[in-house]
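# Inside the fold
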Amino acid sequence: MLFRPRLIDLKIIGFYTGKLVIGVGFLMLIPMVVSLVNREWGPVLDFLIGASIAIAAGHLSSIWLRTGKEMGWIHGIMVVPMAWLAAMFFGAVPHYLGGHFASFLDAMFDTMSGFTTTGLTLIRDLDHLSYGHNFWRHLTIFIGGQGIVIVMLTLMAGGASSVWALSVGEAREEKILPNLIHTARFIRRFSLIYFIAGTAALWLGAVQIGISPLRALFHAPNVFMAAFDTGGFTPQSQSIVYYHSPLFEFLTLPLMLAGAINFGLYYALFSGNRRELFKNSELKTMTATIFVSFTITAAAIAAAGVFGDTASLFRRGFYQLISAYTSTGFTTVYSFHIPDIWGALGLLTIMVTMGLGASIGSTAGGIKAYRLMIILKAFVLEIRRVILPPSAVTVAKYHHLKKNLLTEKLVLGAFLIGIAYIASYLAGAVIAASMGYSLVDALFQSVSAGGNIGLSSRIPLLDIPSALKITYITQMWMGRLEFVSILALIGFAISAVRGK
Amino acid sequence: MIRKVGPLWLAVFIVMFFVSPVLAAVSSTELIENPQAYDGTSIQFQGEAIGDVMERGAFGWVNLHDGSDAIGIWAPAAELRKIQRAGDYNHIGDTVLVEGVFRLACPEHSGEFDIHAESLTIVERGHRVVRPIDTGKVVAAIVLVPIAAALFFAERYRRRHLFGGS
């Protein structure tokens with residue numbers, strides 16, 4: 001029997017969603033300062049208006065919906081998808097006012113793409129965008145990569161008991177430290193250290209390749225945020241091609257990989273547990289996936305006969321593969337290159353790599369290496385069960401921060417989420433194909449959106465129908481939250497209508 | 001006389017007929033959609049210089065945007081110095097016409113999709129963009145900022161005085 005949610009449940013969800021909207025409003029003041037420094041008066045107004053609307057709306061909802069009741073488990077799960085939609089809506093206001101989007105829907109598409117660290121974009125004339133607006137695009141990636149809801153509510157609440165539910169909803173349930181508030185703080189401090197070091201390295205790199213020191217200050221933090229949080233936006237329209245530099249590619253490559261590795265692994269390393277680096281089953285799966293997929297990609301590119309030397313193979317093939325696997329979406333080739341030049345095998349490998357994704361507990365998208373490892377181990381275990389006598393006891397173990405036993409619950413969870421991702425990829429492809437796009441292009445774009453990757457196929461995104469934009473927004477949203485909280489929200493909505 | 005000059009004109013006409021299509025300005029869309037057709041040939045490409053002019057020793061890079069896409073141009077530094085303004089939020093960059101060899105996967109630059117410019121001409125100088133402040137936005141800000149501030153401070157006051165918290 002379905003239980004109809006009470007009014008107080010809706011109020012609690014609305015109250016905390018309002019809190020998050022206030023946070024988004026205050027974050028808009030950062031790009032406003034960037035615009036102020038650069039004397040971009042129009043964008044200053046855009047951010048002032050956007051921030052005011054978000055702060056006012058957030059406060060009004062928290063005044064109107066105040067209950068005095070604590071947030072429970074189910075509320076925590078519901079708040080996350082609602083908060084992400086609200087963040088998309090309010091975050092899009094300054095984008096839309098900036099005049100570089102054809103519609104508010106396009107602006108929302110970009111905001112969702114940023115928050116979900118996808119990197120697909122519908123912006124027009126990016127090369128003449130203000131510094132402030134460009135910074136906001138990249139900041140949405142950084143905020144989204146850290147997990148907006150967790151960051152905001154741990155900052156505001158300082159220690160809510162239901163933060164656990166929020167982290168489950170946001171697919172960030174892995175506890176690095178026993179206390180989730182401490183975990184969130186560790187991630188923030190760790191990201192800050194990376195931010196300073198990564199931005200400094202990119203600034204030096206940008207100056208080295210002929211960009212003026214002042215302009216390098218604009219490129220470096222933006223590229224860092226997009227690389228480390230595997231987002232894929234870039235300050236200029238040509239992605240990483242713009243820099244024409246092996247040095248810049250060399251600097252962004254480890255940042256993409258660093259962002260796609262489980263934060264728990266970093267904590268283990270910082271705590272002196274260096275053996276984890278060699279024992280971790282997920283990391284082994286990632287390494288094997290990269291090795292196998294690069295071998296296939298290299299063979300495909302060699303067969304196509306486009307690149308004549310090893311340097312080309314690494315700067316185009318390997319970089320593109322790592323960008324796809326880490327779900328960053330940076331590109332050192334034009335978007336037509338993969339489908340048109342690399343051939344069917346190259347295209348298929350990049351597509352599969354995008355769909356698989358890197359590490360859980362990181363900013364990467366896709367199914368994730370951890371789940372792939374669980375599923376593969378379950379297959380091996382099943383084969384062993386068939387081969388060995390019925391009396392034999394068969395178990396499978398894996399190493400992830402500690403020795404773990406493969407349980408049926410784990411296998412089921414990995415399978416279900418894996419199937420949900422594949423269903424999302426196929427559904428997006430069918431919708432795009434039904435609108436007249438080729439099945440290959442439709443599937444590539446769908447995997448890119450659903451896996452939060454950001455690479456583009458031959459589908460001209462600026463010209464796609466609104467229905468397809470909404471499809472991709474939904475896919476990005478579902479993929480980033482890994483389906484559970486959104487499916488729970490759908491169940492909640494059904495209960496509200498049909499429950500007793 | 002006419003008999004002597006006639007063959008000369010004919011030769012010039014034939015050369016122009018065969019050479020001019022190759023050197024006619026090609027769009028970025030054409031290069032991206034049909035790169036094999038132009039790979040290794042001399043072409044003309046025209047677009048706005050955007051972002052940064054990146055000098056690297058005796059040569060350097062600039063990206064030219066023709067309204068659809070941008071293409072990287074590798075040119076001698078002396079030629080690049082002709083560009084005075086690259087496009088950004090406050091500026092429309094110089095419009096530049098380059099003549100050079102297009103490569104789908106440049107062997108000199110590890111597979112870059114680029115044009116090696118042999119000559120670079122400034123077709124039109126860039127300029128500063130005047131962006132008047134939108135009165136509607138000013139009014140909206142004047143109305144909205146006090147509302148947001150009032151709600152924010154009212155909430156802070158309520159929390160401090162009713163709960164004694166921060």
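Residues numbered from 1 in each chain as written. Chains lettered and ligands numbered in written order. Predicted model: local features only at pLDDT ≥ 70, side-chain atom pairs only at ≥ 80, totals over all residues.

### Let's talk about unusual backbone geometry
All names here are of chain A. If you check the backbone angles, R39 has positive phi at about 55° while not being a glycine. In this fold, R39 is placed in the loop between α2 (29–37) and α3 (41–64). For R39, a count of 10 C-beta atoms within 10 Å translates into the label exposed. Within the chain, F483 stands out as a residue other than glycine whose phi angle is a positive 75°. Positionally, F483 belongs in the loop between α21 (466–481) and α22 (484–498). (Helix = DSSP H or I, 4+ residues; strand = E, 2+ residues; numbered from the N terminus. Buried ≥ 20, exposed ≤ 12 C-beta atoms within 10 Å, placed from the backbone.)

### Some details on the interface of chain A and chain B
Residue-level contacts link 38 residues of chain A with 37 residues of chain B. Elements supplying a minimum of two residues to the side of chain A that touches chain B: α3 and α15 (310–325) of chain A. Per element, the largest residue contribution to the side of chain A that touches chain B is 11 residues, and it comes from α3 of chain A. Of the residues contributing to the side of chain A that touches chain B, the split by class is 21 nonpolar, 12 polar and five charged. (Contact = placed C-beta atoms within 7 Å. Nonpolar A, V, L, I, M, F, W, Y, C, P; charged D, E, K, R; others polar.)

### Here's the deal with the environment of T135 of chain B
Take T135 of chain B: it is sitting in helix α5 (residues 135–163). Counting along the chain gives 24 residues from T135 of chain B to G111 of chain B, while the straight-line C-alpha distance between them is 49 Å.

### A few points about the sheet that holds strand β5 (residues 95–106) of chain B
All names here are of chain B. Pairing is mixed around the closed barrel formed by five strands, whose spatial order is β1-β2-β3-β6-β5. Averaged over all adjacent pairs, the angle separating strand axes in this sheet is 55°, with direction ignored. Here six bridges tie strand β1 (residues 42–56) to strand β2 (residues 59–65), and the two strands are oriented antiparallel to one another. Pairing of I50 across the sheet is with N63, part of β2. (Pairing = 2+ DSSP bridges. Axes fitted to C-alpha atoms, helices over the stretch in contact; angles between N-to-C directions.)

### Section: helix α6 (residues 131–146) of chain A
Residues and elements named next belong to chain A. With 16 residues, α6 extends 23 Å between its outermost C-alpha atoms, agreeing within 8% with the 22 Å of an ideal straight helix rising 1.5 Å per residue. Most of α6 is tucked away: 15 of the 16 residues are buried. Phi turns positive, to about 95°, at G147, one or two residues after α6. (Expected span 1.5 Å × (residues − 1).)

### Thoughts on the nonpolar core
Ranked by internal contacts, the top residues of the largest apolar core, which has 174 residues, are A54, A87 and F90 of chain A together with V62, L64, I73 and V98 of chain B. Sorting elements by how many residues they give to this core places helix α4 (residues 73–97) of chain A first, with 14 residues. With sequence-adjacent residues up to four places away left out, F90 of chain A is seen in contact with V21, V24, G25, I53, A54 and A57 of chain A. (Core = buried A, V, L, I, M, F, W, Y, C linked by C-beta atoms within 7 Å.)

### Here we look at the pairing of β2 of chain B
All names here are of chain B. By the criterion of burial, β2 is predominantly enclosed, with six of the seven residues buried. Hairpin connection from β1 to β2: two residues lie between these consecutive antiparallel strands, with G57 at a positive phi of about 70°. As defined by bridge partners, β2 adjoins strand β3 (residues 70–76) across seven bridges and the pair is classed as antiparallel. Within β3, the residue paired with L64 across the bridge is I71.

### Regarding the pairing of β5 of chain B
Residue and element names in this part refer to chain B. Here β1 pairs with β5 via seven bridges, running antiparallel. From the neighbouring strand, G47 faces β5, where its bridge partner is V96. Sheet analysis places β5 next to strand β6 (residues 112–124), joined by 10 bridges and oriented antiparallel. Bridge pairing in β6 links V96 to I122. Following β5, the chain reverses through five residues before pairing antiparallel with β6; S110 in that reversal takes a positive phi of roughly 45°.

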